[in-house]
Each structure stands twice: as C-alpha cells, then as structure tokens.
Amino acid sequence: MMRKLLALATVLFFALPGLLQAAYPEKPITIIIPSKAGGSTDTSARIFIKTAKKLLPGADFIIKNVPGSGGQKGFEEIARAKPDGYTIGMIFTTQVVSHVVAKRARYTLDSFHIIGNMMQDPLIIAVPKDSPITDMKGFVEAAKAKALTVAVNGIGSDDFVAAKKFENNTGVTFNLLPTKGSTEQKSLVLGGHVDASFMNLTQMHGQHKSGDARIIAILDDNRSDIVPDVPTSIEQGFTVNMTATRGFAAPAGIEKNVADTLDKLVMDVMNDPEFIEDCKKDVLFLLPLTGPNYLAYLKDLQAETQKFFDSTPW
C-alpha cells in the first residue's frame, strides 16, 4: 500500500506543473493601452478582445488606459508588471523606441517579451478645409514664407519624427505644437487653429471624405484604397515616409508556456475571418508580424531613430 501511495504521489508531483500550466488563464488579463480611450490603439485592442475571448476558452480581458508622455507611462507600466501573463499591453512606434533613444525611458526593448504586431497606420499631412494649401509643393512654399504651426502627437511620436524629417528634407522650420493625442489634433485641424497636422490616416480619413478637412499627402510608398484621391509624398517629389505600427508585448521573464499561449493567440486572432472583417469596418490596416519578426523590426527602427536623433536631437 505504501509503495502505491508513493507511486501516486510521484505521479502527482510531476503532473502538477502541467495541470497548473493548463489552467491559464485563471483570471482576467489586463491589457495596458498607453493612450486615452477612443483612439486607434484603444479601438484596436477592443476589437482584438472580441475575437480573443472566442479563441481562448475561459479568457476575459480588462482594458487599462494609461496615457501620458507619448505612451511612455504605459510602456513603463507594461515593462515593470509582474511577468505572470496577467498583464500585457499594446506598444506603438515610433514612440516605444524614440523614448529609449532620447534616454527618457525607464525600459529598453529587453524589458519586454514581444508578442507580435497587429496593425500599421501610414502617416498623412492634413490641413483645415479652408486652407489655401492643396499639395506638398504649396505646403513647402507656405512654410518658407512663414513658420507654420503644425500639430503632432507629442514629442518623440511618429508624427513628431516625421515632421522633423520633413524639416531636414526641405529646409523649412515649423512651429511644432505637441498635443495630448489624436482627438486634440483633430479638433485643432477641424477648428482651423493650426496650419497643418502630421497624423495617422485612420484618424482623419472620414473628415477628408466629408470635406471637413483635407489630406494633402500620404507618407507611404503607395496610395490608400481608403482615400485613393490623395497622392503619396513620393508622387509629389518628397521622400519622407512614416508608418506607425501597433502590437502586443508582455513583461520580460514571462514563463514560456504562457508566452507561447499569448503568441499563438495574437496570431490566431489576426487570422480569424470575423476579426479581419471587423478591422475593415473600422478602417484598421493589418500587418501581422510574429514576435521575433516584430522585435527585429523594432531593433532596426531604434537604430534608424538613433541616427536621426544624433543629428537632430529633441
């Protein structure tokens, strides 16, 4: 009898870790969004949750918006969270690397387990509907005549870096106006309170179509099917391109079985027909990248941003 009990205890001892691992997730998973509710990153996360709950049995999610400092506060909260799989978050570029480059961040890329990328969002230049500026040539001419007030989404943001690159490329100088997010940028453009704004396509395509604002260029290699009438910057003779990405990360040190579950979940969600259709409805542009591929992208972007920062510090 004693031998049987010892044998049973041995089986349970070795089986217990596997049983515990199989239980994940046992409680809601918090997703940190480093921006205010209602923005493109927040919307992406909420669409993700709808499908993730279907694909990961027993899973529930809680969104925690942590805006501030161009995403820095949220990125830092993800990095210092307990690496147990119950706190993950969204990261976006260029902000997640530009804060490191500028030596403001209390994290590095090594502070994260990069789960994968979901979205891309090319940048645009938008002007108020009554602006005399209708194209990039006119934009540069107006900027050379006087310093234009141009809104961007915070120092170190993709908007900010694109605007600084545009200055370097053309020799103009803007009065850059850092805002607290795309909602404020929209209000400034729609109200005619700024001359222009560098921002993301998802944030202004509707207003362009309705005639409430005007997009004069897409900072991408190709035109968008969403606003096919808008030429690219390259078509207009300017080589300044910029695209934002939005993906998922967890704190470094997360257990492999949990990391594997989260990595697979993100990839499964992006291959789900319902999720793909929801993204189309909300005009969100998918760019699926596995964790290793997204990490490689981020490292390359950090190196590129470092070179730009060294020549044009902010």
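Heads up: the structure comes first, above all this text.
Residues numbered from 1 in each chain as written. Predicted model: local features only at pLDDT ≥ 70, side-chain atom pairs only at ≥ 80, totals over all residues. Heavy atoms only, no water.

**Brief notes about the pattern of salt bridges**
Within the structure shown, the criterion is met by 13 salt bridges. Its salt-bridge partner being Arg46, residue Asp42 comes within 2.7 Å of it at the nearest N-O pair. Residue Asp42 and its partner Arg46 are both found in helix 2 (residues 40-55); the two are separated by 4 residues, about one turn of the helix. According to the relative accessible area criterion, Arg46 is partly exposed, its value standing at 42%. In this structure, the salt-bridge partner of Glu304 is Lys165, at a minimum N-O distance of 3.0 Å. Here Lys165 lies in helix 6 (residues 158-170) and Glu304 lies in helix 11 (residues 291-311), a separation of 139 residues in the sequence. Among the charged side chains, a salt-bridge network with shared partners connects Lys50, Lys54, Asp272, Glu274 and Asp278. (Salt bridge = Lys/Arg side-chain N within 4 Å of Asp/Glu carboxyl O. Helix = DSSP H or I, 4+ residues; strand = E, 2+ residues; numbered from the N terminus. Buried < 20%, exposed > 50% of the residue type's maximum accessible area, 1.4 Å probe, protein only.)

**A closer look at helix 6**
For helix 6, which comprises 13 residues, the first-to-last C-alpha distance of 18 Å matches the rise-based estimate of 18 Å (1.5 Å per residue) to within 8%. With respect to burial, helix 6 is a largely interior element, 11 of its 13 residues being buried. Among the residues of helix 6, Asp158, Asp159, Phe160, Val161, Ala162, Ala163, Lys164, Lys165, Phe166, Glu167 and Thr170 are the ones counted as buried. Of the residues one or two after helix 6, Gly171 is the one with positive phi, at around 85°. (Expected span 1.5 Å × (residues − 1).)

**Points about the layout of surface pockets**
Here the largest pocket is characterised by a volume of approximately 520 Å³. What lines the largest pocket is a set of 30 residues, among which Ser35, Asn153, Lys180, Gly181 and Ser182 lie closest to the centre. Looking at the lining of the largest pocket, the elements that each hand over two or more residues are helix 2, helix 7 (182-190) and strand 9 (243-251). Tallying contributions element by element places helix 7 first for the lining of the largest pocket, with 3 residues. The class makeup of the residues in the lining of the largest pocket is 6 nonpolar, 19 polar and 5 charged. (1 Å grid on protein atoms, 1.4 Å probe; cavity = no way out; pocket = protein on both sides within 12 Å on 5 of 7 lines; lining within 4 Å. Points joined across faces, edges and corners; volume = space filled by probe spheres on them. Nonpolar A, V, L, I, M, F, W, Y, C, P; charged D, E, K, R; others polar.)

**A word on the nonpolar core**
Core analysis: the largest hydrophobic core is formed by 32 residues, its most contacted members being Ile31, Phe48, Phe61, Ile88, Met118, Phe248 and Phe275. Those elements that place two or more of their residues in this core are strand 1 (29-33), helix 2, strand 2 (61-65), strand 3 (87-92), strand 4 (112-128), strand 9, helix 9 (256-270) and helix 10 (273-281). Counting residues per element, this core draws most heavily on helix 9, at 7 residues. Counting 28 residues, the second largest nonpolar core, distinct from the first, contains Leu123, Ile125, Val161 and Val240. (Core = buried A, V, L, I, M, F, W, Y, C linked by side-chain atoms within 4.5 Å.)

**So, the environment of Gly58**
Within the element layout of this structure, Gly58 appears in the loop between helix 2 and strand 2. When the C-alpha positions of Gly58 and Ala23 are compared, they lie 9.3 Å apart, and in sequence the two are 35 residues distant.

**Regarding the packing of aromatic side chains**
This structure, assessed with the given rule, holds 17 aromatic pairs. Their ring planes at 45° and their centres at 4.5 Å tell us that Phe48 and Phe248 sit as a pair that is tilted. Taken together, the residues span a long stretch of sequence, with Phe48 in helix 2 and Phe248 in strand 9 at a distance of 200 residues. Here the aromatic cluster, defined as three or more aromatic residues joined through ring pairs, consists of Phe139, Phe166, Phe174, Phe198 and Phe238. Stacked on the ring of Tyr86, the Lys or Arg Lys27 has its end atom at 4.8 Å from the ring centre. (Phe/Tyr/Trp six-rings, centres within 6.5 Å; stacked < 30°, edge-to-face > 60°. Lys NZ or Arg CZ within 6 Å of the ring centre and 35° of its normal.)

**Looking at the pairing of strand 7 (residues 196-200)**
Counting buried positions along strand 7 yields 5 of 5 residues, so the element is predominantly enclosed. Here strand 7 shows a buried face lined by Ala196, Phe198 and Asn200 and a second buried face lined by Ser197 and Met199. Bridge count between strand 4 and strand 7: 4 bridges; the pairing is antiparallel. Looking across to strand 7, one finds that Leu123 is bridged to Asn200. (Pairing = 2+ DSSP bridges.)

**Re helix 7**
Every buried residue belonging to helix 7 is among Ser182, Gln185, Leu188 and Val189, and all of these are buried. The arc enclosing the buried residues of helix 7, seen along the axis, measures out at 120°, which places them on a common side. Those residues of helix 7 hidden inside the fold are in contact with strand 4, strand 5 (149-152), helix 6, strand 6 (175-178), strand 7 and strand 8 (213-218). Of the residues one or two after helix 7, Gly192 is the one with positive phi, at around 70°. (Arc of directions from axis to C-beta. Contact = heavy atoms within 4.5 Å.)

Shape descriptors only; they carry no functional weight alone.
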